[in-house]
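Here is how the chains run, residue by residue.
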Amino acid sequence: MTEIPSSLPPLSERPGALGWMRRNLFSTWGNSLLTLLSAAFLVWAIGGLLVWIFSAAEWRVVLVNMRLVMVGQYPVALVWRIWVAMYFLAFLIGNTVGLRMEKTTRKGLAVGLLFSPLVFALFSFSLEARLAIAGLSLIALAGWWLGSRWPQAFRRPVLIGWIIYFPVFMLLVRGVSGEGSPMEVVESNLWGGLLLTFMLTVVGIVFSFPLGVFLALGRRSQLPVVRWFSVGYIELVRGVPLITILFMAQLMLPLFLPTGLTIDRVIRAMVGITLFSAAYLAENVRGGLQAIPKGQFEAAHALGLSGFQSMLYIILPQALRLVIPILVGQFIALFKDTSLVAIVGLFDLLGIAKTVLAQPEFLGLQREVYAFISLIYWVLSYAMSYFSQRLEVALGVGER
Amino acid sequence: MSQSEETIIKCVNVNKWYGNFHALKDVSMEVKKGEVIVIFGPSGSGKSTFIRCINRLEEHQKGDIIVDGIELSHDVRNIEKVRMETGMVFQQFNLFPHLTVMQNVTLAPIQVRKWDKAKAEEVAAQLLARVGIPEQANKFPGQLSGGQQQRVAIARALAMQPKIMLFDEPTSALDPEMIKEVLDVMVELAKSGMTMLVVTHEMGFARAVADRMFFFDKGQIVESGTPQDIFKAPKEARTKLFLSQILSH
Ligand SMILES: Nc1ncnc2c1ncn2[C@@H]1O[C@H](COP(=O)(O)OP(=O)(O)OP(=O)(O)O)[C@@H](O)[C@H]1O
Ligand SMILES: [Mg+2]
């Protein structure tokens, strides 16, 4: 006892974990009680979850149905095309990470990302599936190595790669029609699972973005007709739930089309989602446009730029940059909202989950299946959010 | 400074209303090529409104404005032509914050004059050197001081090779130590023979380079004359009072 120097502050004021706990968690009897109760609750809840995940849950249902969850009824013999699309994506991601290596603060995380597919290769899939999955990591790493080795040489190609990715992806998934075509067409009623969810999301984003920008500009147009049309469209669409638009597209549209002419159900869902999303996007973009000071228009006009040029080079770039976080939030919402197509009978992730659970041998395994698809939704949503933050940093939002 | 006899701006009985508010009342002015005009007057007297009518940032409702032989009317092609002939420098700089200094200066020559990029950049580099900031080309406006930003704005306007330069209180938003660097550029420009209309209260600048001065009050030209006349023997009481107010500090 006598060895403790008297100059030390009392235990409760000393720095360190113990002092912190004492100050924040056990400062009074009431606080101590609450702390203990919360700790007990956490141990019980997390412990229960872990026990369920690692012993009680029957993940077999997910592993056995993995193909269905990923691509739905896509013909087995043609799944290689989807792999090719995935390899292309893996290469682009790896290459982009490699190019931006000096600017990345958390290098370990970035490279770790490229290894993540390997984790999936550990599960008990068939040998081919494991090899194919491991291939993703290999290709991503190859892209990363090339990118960090020759950043100058790859800067342009990788940008072009990202731009053509969407059409290439669509081409690979759908195939080419016509006699003796090297890639036969896979009709969209065979697309399913994550593949369909992904298609609906990407198509929704790619097409609703320009449409939304046009509507936002239209709403500010000098021409009354254009303005009224934009306002009318935006207010009409924002006034109805997405599910009703999807129902209308599936059930009502055929009534108006001449007999014999049918539009593919997946396309109808895509159109519905795009039209719905565009109305919200228009309002978000308009918010960005309104934040641009009048002086920017005046300076552009004073230089002799036309109204169109001022918009294109001066106003829109600034307005869109301002609303990136909002737009990404909207795209994440769109991604999750695509699950509504399950209600109108399409087999997206959620639709497939329902068919899996309808098989007699997997009855009663809702928790496993829904936990798994939730995980997929969460991982992809988080990835979108993370990349948008990187994009903001890269564009210097908030600094200029 | 080195004016000729050729009229380049002609305003006849220009009137402008904002709703019911009569902002310009029968303003007439003729400017010769190469002249440097200083416009001054109390806040709200219509100085900005007037020079913004000259490149049609504001629309006048009555009277004629003829710039370099082109009459300003609703004809969009005429407006475009006049804007190509006039450069404007704003109180708040209004640089494009998402573009580099170089891009700010080259955008309009490339898009409007259809120059190729190499030529536009060469001209831009010369102009940035002329305004004294050749080394800042690759920075963004937000990384520059106010005085540097305003000099970029001058270079940006000059890049279109205008015949007339309009300045709306170019030094009012600047810290005192930066005012001189901008005025020096403007003095050099005036001496090079540029036709300039300058709204300013920098009377030192007016004394040094102005050919004529116009005193605005309540939307009207109250008095005009050479700096000699205006400073030594102002005719109107309002001019006298205003000058005594701004020269006292
Ligand atoms: N867009 C507008 N709408 C309505 N009134 C306006 C508008 N712009 C200017 N005014 C009014 O017109 C008058 C002249 O304005 P102007 O900006 O030309 O004055 P100024 O002489 O430049 O003043 P300052 O020295 O403060 O810049 C002011 O009374 C102002 O309130
Ligand atoms: Mg003003």
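All values derive from a computational prediction rather than experimental measurement.

Here the distance between the centres and the angle between the planes together describe a pair of aromatic rings. Residues and elements named next belong to chain B. Counted under the stated rule, the structure contains 17 aromatic pairs over all chains. Ring plane angle 35° and centroid distance 6.0 Å describe the contact between F40 and F242, whose orientation is recorded as tilted. Here the residue F40 occupies a position in strand β3 (residues 36-40), and F242 occupies one in helix α9 (residues 237-248), the gap between them amounting to 202 residues. Note on accessibility: F40 and F242 belong to one class, buried. Ring plane angle 40° and centroid distance 5.6 Å describe the contact between F50 and F216, whose orientation is recorded as tilted.

Another aspect to go through is the sheet that holds β3 of chain B. Residues and elements named next belong to chain B. Taken together, 6 strands build an open sheet; the order of strands is β6-β7-β8-β3-β9-β10 and the sheet is mixed. The open sheet is flanked by β6 (86-89) and β10 (220-225), the only strands paired with a single partner. Mean inter-strand twist for the sheet, computed between neighbouring axes without regard to direction, equals 15°. As paired elements, β3 and strand β9 (residues 212-217) share 4 bridges and run parallel to each other. Within the sheet, the bridge partner assigned to I37 lies in β9 and is R212.

Moving on, we come to the site of ligand 1. Residue and element names in this part refer to chain B. The full set of residues close to ligand 1 is Y18, F21, P42, S43, G44, S45, G46, K47, S48, T49 and E169. Contacts to ligand 1 include Y18, whose side-chain N or O atom sits 3.3 Å from a nitrogen atom. K47 is positioned such that a nitrogen or oxygen atom in its side chain is 2.8 Å from an oxygen atom of ligand 1. When isolated, ligand 1 has an accessible area of 640 Å², and the protein chains bury 59% of it. Take the shell around ligand 1: its biggest share by element is 3 residues, from helix α1 (residues 47-54). Each residue belonging to the shell around ligand 1 can be placed in one class, and the counts come to 3 nonpolar, 6 polar and 2 charged.

Here is what the cut-offs are and how they apply
Residues numbered from 1 in each chain as written. Chains lettered and ligands numbered in written order. Predicted model: local features only at pLDDT ≥ 70, side-chain atom pairs only at ≥ 80, totals over all residues. Heavy atoms only, no water. Phe/Tyr/Trp six-rings, centres within 6.5 Å; stacked < 30°, edge-to-face > 60°. Helix = DSSP H or I, 4+ residues; strand = E, 2+ residues; numbered from the N terminus. Buried < 20%, exposed > 50% of the residue type's maximum accessible area, 1.4 Å probe, protein only. Pairing = 2+ DSSP bridges. Axes fitted to C-alpha atoms, helices over the stretch in contact; angles between N-to-C directions. Near = heavy atom within 4 Å. Polar contact = N/O pair within 3.5 Å; in protein donor to acceptor, adjacent residues only side chain to side chain. Areas by Shrake-Rupley, 256 points an atom, 1.4 Å probe, with all protein chains shown as cover. Nonpolar A, V, L, I, M, F, W, Y, C, P; charged D, E, K, R; others polar.

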